[in-house]
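# Residue-level structure breakdown
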Amino acid sequence: MNLLKSSIIGLALLASAPVALAQGTGSEGYFQLYNNTGNNIVVGFYTNDGSGWSDNWLSDALAPGESATAEFTADTGNCDQVFQVGWLAEDDSEVLDDPISIDICAASNVYMDDNEIYYD
């Protein structure tokens, strides 16, 4: 089981909110997920610290323009993670994107764009 357990503590439409309010830091136990796509819905966000894939971090799908705060619920865990995003397919199934390495303790934001996924 992945040591990095998580829960989404809020789903908010932050398009008009000041950016400073949305910024977090993985070292403080949370970070922000942004769906910056034009038409794609994010239905899954998974991490793997080397011990297997986590459960889906998202309790609700993220429509284009939405964001959510992800919070660590374990106080220990490996900062070096691999994450993978699941997108809603036309047949309502989930299509998984390629896994991406991340230092989750240093990440404040994860951006999911139409042709790119990145973090800072």
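Quick caveat: nothing in here was measured; it's all calculated off a predicted structure. (Residues numbered from 1 in each chain as written. Predicted model: local features only at pLDDT ≥ 70, side-chain atom pairs only at ≥ 80, totals over all residues. Heavy atoms only, no water.)

## Here we look at the confidence of the model for the chain
Confidence along the chain averages 76 in pLDDT terms, with 71% of residues attaining 70 or more. At the low end of the mean pLDDT range in the chain sits strand 1 (residues 6-12), at 33; at the high end sits strand 6 (residues 94-96), at 97. Across residues 1-24 the pLDDT falls below 50, and counting only partners more than four positions away or on other chains, this stretch makes 63 contacts in the model. (pLDDT = per-residue confidence, 0-100. Helix = DSSP H or I, 4+ residues; strand = E, 2+ residues; numbered from the N terminus. Contact = heavy atoms within 4.5 Å.)

## Side note on the nonpolar core
Counting residues in each nonpolar core, the largest one holds 18 residues, and the members touching the most others are Phe-31, Leu-33, Phe-45, Val-85 and Met-112. If you list the elements that add at least two residues to this core, you get strand 2 (30-35), strand 3 (42-48), strand 4 (67-72), strand 5 (80-88) and strand 8 (109-112). (Core = buried A, V, L, I, M, F, W, Y, C linked by side-chain atoms within 4.5 Å. Buried < 20%, exposed > 50% of the residue type's maximum accessible area, 1.4 Å probe, protein only.)

## Quick word on the packing of aromatic side chains
For the structure on display, the rule yields 6 aromatic pairs. Judged by centre distance (5.9 Å) and plane angle (85 degrees), the ring pair of Phe-45 and Trp-57 falls under edge-to-face. Of the two residues, Phe-45 is situated in strand 3 and Trp-57 in the loop between strand 3 and strand 4; the sequence distance between them amounts to 12 residues. The pair formed by Phe-45 and Trp-57 is uniform in burial state, with each residue classed as buried. Ring geometry for Phe-45 and Phe-83: centres 5.2 Å apart, planes at 25 degrees, overall stacked. Note that Phe-45 is positioned in strand 3 and Phe-83 in strand 5, a separation of 38 residues in sequence. (Phe/Tyr/Trp six-rings, centres within 6.5 Å; stacked < 30°, edge-to-face > 60°.)

## With respect to the side chain of Asp-113
Along the chain, the position of Asp-113 falls in the loop between strand 8 and strand 9 (117-119). Residue classification places Asp-113 among the buried positions, given a relative accessible area of 18%. Look past the residues within four positions of Asp-113 in its chain and what remains in contact with it is Asn-36, Thr-37, Trp-87 and Tyr-118.

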